[in-house]
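# A structural walkthrough
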Amino acid sequence: MNNKSLFKLFGLFLFILVTLLVLPSVFAETNVTNCGTTLSTANETYTLNRSLTTAGNCLTISADDINLDLKGFNISSSATGDTTGVIISGANRIIIKNGAINDFFNLISGGNHTTITNMTLRTYANFGFGIPEIHGINAYDNARIIDNTFLRIQNTGGSAGVGDTAIVILGTNVTIINNKISITSNGIYGGDSLYVFNNTIVDTSLAGIRIRNSHNRYINNTLINTTNALVFEVSQIINNSFVNLKFDNTTDYDLVISSGSIINETLVEDSNIEKYNLASGFANLFTFRNTKFGEVKFLQAINGSGTNLTNDIRIQNNSINVESSNNIGLNKSANITLYGIGERGL
């Protein structure tokens, strides 16, 4: 055997050896057989091979870089108390995917840099009157919530559940993409530095997206079919962009700003907003933009109500009209720009 053949054989031997050493760590999986289990081995993949049910909390994740793959199975609660499906306790970079979590008070809670994908999340249970709101996901810093279905996040007991919410943002830099949210009180609530893209939110009884104390929020290409679509609560909301939003059959308002809100540097772009109610606040400074024709940047706070905001601030080819006769609260100083023509002060 010549040296060239020996070299090839030695290379093949090294490849097989490295493969045998690496494969166990790459593909190692630990099966979870019962609720009440703590997943505590970092860099491990935990899986289910059957559905799990409990009257308490189900799983706790306490180590970093864990992958929880439900493999199409369910985690369910048989209780009506304050329970959680998956608790992430002091752990980071967790992935939860490929299954369903049902009927817990909170379905998933905790953890920074958590990714939740391809999950069906549902709570439709009687937790009783006076129980605080139930949550689908409590999302913390740098969470990624992608390709999930939220169905009926509801407390059916008495008149409770007025704050039931599919996704509650409790951190910053949260990404929410390609989710379907239906039948709850609020679709998305809170959050700074939030990126929301290509979601569908329908049949929420209070608000599709409820915004409070928010900065640097970007919401794009989202369909909202709810009682109220966008609700700004009493808060300071700065540097937010709402782009290509579609409001379909909202019962009350497409846009609501509550009294006392400070809304600065907020862009509304290529979004058709009909019924609106803008309460008098410290500052409601908006820019309305049509990417084909131009924009109106208000230099003073706007307020008032009407039946069609897009018609009241009408941006068309070579023309911009602000119909302050429909709402005197729009009779404010603004800079206007017609694309291809230039900027003029009003």
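### A few points about the overall build of the protein
A count of helical and extended segments in the protein gives 2 helices and 34 strands. Residue pairs at least 24 apart in sequence account for 48% of intrachain contacts in the protein once pairs closer than 6 positions are excluded. Working note: accessible area of the protein is about 15400 Å², and carbon and sulfur atoms make up 50% of it.

### Focus: the pattern of salt bridges
Taken as a whole and assessed by the stated rule, the structure comprises 8 salt bridges. Between arginine 93 and aspartate 65 there is a salt bridge, with its nearest N and O atoms 2.8 Å apart. Placement of the pair is arginine 93 in the loop between strand S8 (84-88) and strand S9 (95-102) and aspartate 65 in the loop between strand S5 (59-61) and strand S6 (67-69), with a sequence separation of 28 residues. Accessibility expressed as a relative area gives 28% for aspartate 65, which makes it partly exposed. Between aspartate 103 and arginine 122 there is a salt bridge, with the nearest N and O atoms lying 3.3 Å from each other. Residue aspartate 103 is found in the loop between S9 and strand S10 (106-109), and its partner arginine 122 is found in strand S11 (residues 115-125); the two are separated by 19 residues along the sequence. Judged by relative accessible area, which is 26%, arginine 122 ranks as partly exposed. One network of salt bridges, in which partners are shared, links Glu29, Asp69 and Lys71.

### Notes on the packing of aromatic side chains
Applying the stated rule across the entire model yields 4 aromatic pairs. Between tyrosine 195 and tyrosine 218, the aromatic rings sit 5.5 Å apart at their centres with planes inclined by 10°, giving stacked as the arrangement. In this pair, tyrosine 195 is assigned in strand S18 (residues 195-197) and tyrosine 218 in strand S20 (residues 218-220), connecting sequence segments 23 residues apart. Residue tyrosine 195 is classed as partly exposed on the basis of its relative accessible area, which comes to 33%. In this structure an aromatic cluster arises from ring pairing among Tyr195, Phe197 and Tyr218. The ring of tyrosine 124 is capped by arginine 152, whose NZ or CZ atom sits 4.0 Å from the centre of that ring. One residue, lysine 275, lies across the ring of tyrosine 253, its end atom 4.9 Å from the ring centre.

### Quick look at the environment of phenylalanine 242
Mapped onto the elements of the fold, phenylalanine 242 is located in strand S23 (residues 236-243). Classification of phenylalanine 242 as buried rests on a relative accessible area of 1%. Along the backbone, phenylalanine 242 and aspartate 270 are 28 residues apart, and their C-alpha atoms lie at a distance of 8.5 Å. Non-local contacts of phenylalanine 242, meaning those with residues more than four positions away in its chain, are made with Ile211, Arg217, Ile219, Leu230, Phe232, Thr266, Leu267, Val268, Glu269 and Ser271.

### With respect to the confidence of the model for the protein
Where the model shows low pLDDT, its predicted coordinates should not be examined in detail. Within the protein, residue pLDDT values average 85, and 84% of them lie at 70 or more. This stretch, residues 17-27, has a pLDDT under 50; its non-local contacts, to residues over four places away or in other chains, come to 2 contacts.

### Brief notes about the environment of isoleucine 181
With respect to the helices, strands and loops of the structure, isoleucine 181 is situated in strand S17 (residues 180-189). Among residues more than four places away in sequence, those in contact with isoleucine 181 are Phe150, Ala166, Ile167, Gly187, Ile188, Thr200, Ile201 and Val202.

### Structural notes on the pairing of strand S3 (residues 45-48)
Alternating residues of S3 divide into Thr45 and Thr47 and Tyr46 and Leu48, and every residue in both groups is buried. Relative to S3, strand S1 (residues 29-32) runs parallel, the two being bridged by 4 bridges. Residue pairing in the sheet places asparagine 31 in a bridge with threonine 47 of S3. Both S3 and S6 contribute to a ladder of 3 bridges, which runs parallel. The residue bridging threonine 47 from the neighbouring strand is aspartate 69, located in S6.

### Some words on the side chain of threonine 84
Within the element layout of this structure, threonine 84 appears in strand S8. If we ignore the near neighbours within four places in the chain, the residues touching threonine 84 are Gly56, Asn57, Cys58, Phe104, Asn106, Leu107 and Ser109.

### A look at the nonpolar core
Counting 76 residues, the largest nonpolar core has Ile101 and Ile188 as the members making the most contacts within it. Residues within four places of isoleucine 188 in sequence aside, it is in contact with Thr165, Ile167, Ile169, Ile176, Ile181, Leu194, Val196, Ile201, Gly208, Ile209 and Arg210.

### Looking at the side chain of asparagine 148
With respect to the secondary-structure elements, asparagine 148 resides in the loop between strand S13 (144-146) and strand S14 (149-155). A distance of 2.9 Å separates a polar side-chain atom of asparagine 148 from the backbone oxygen of isoleucine 116. Within the structure, asparagine 148 has its side chain in polar contact with the backbone nitrogen of methionine 119 (distance 2.9 Å). If sequence neighbours within four positions are ignored, asparagine 148 has contacts with Ile116, Thr117, Asn118, Met119, Asn178, Asn179 and Lys180.

### Observations regarding the pairing of strand S12 (residues 135-139)
Most of S12 is tucked away: 5 of the 5 residues are buried. The pairing of S10 with S12 spans 3 bridges and is classified as parallel. Its bridge partner lying in S12, isoleucine 108 is registered against isoleucine 137. Of the pairings in the sheet, the one linking S12 to strand S15 (residues 165-169) comprises 4 bridges and is parallel in character. The residue of S15 that forms the bridge with alanine 139 is isoleucine 169.

Cut-offs used in this document
- Residues numbered from 1 in each chain as written.
- Predicted model: local features only at pLDDT ≥ 70, side-chain atom pairs only at ≥ 80, totals over all residues.
- Heavy atoms only, no water.
- Helix = DSSP H or I, 4+ residues; strand = E, 2+ residues; numbered from the N terminus.
- Contact = heavy atoms within 4.5 Å.
- Areas by Shrake-Rupley, 256 points an atom, 1.4 Å probe, with all protein chains shown as cover.
- Salt bridge = Lys/Arg side-chain N within 4 Å of Asp/Glu carboxyl O.
- Buried < 20%, exposed > 50% of the residue type's maximum accessible area, 1.4 Å probe, protein only.
- Phe/Tyr/Trp six-rings, centres within 6.5 Å; stacked < 30°, edge-to-face > 60°.
- Lys NZ or Arg CZ within 6 Å of the ring centre and 35° of its normal.
- pLDDT = per-residue confidence, 0-100.
- Pairing = 2+ DSSP bridges.
- Core = buried A, V, L, I, M, F, W, Y, C linked by side-chain atoms within 4.5 Å.
- Polar contact = N/O pair within 3.5 Å; in protein donor to acceptor, adjacent residues only side chain to side chain.

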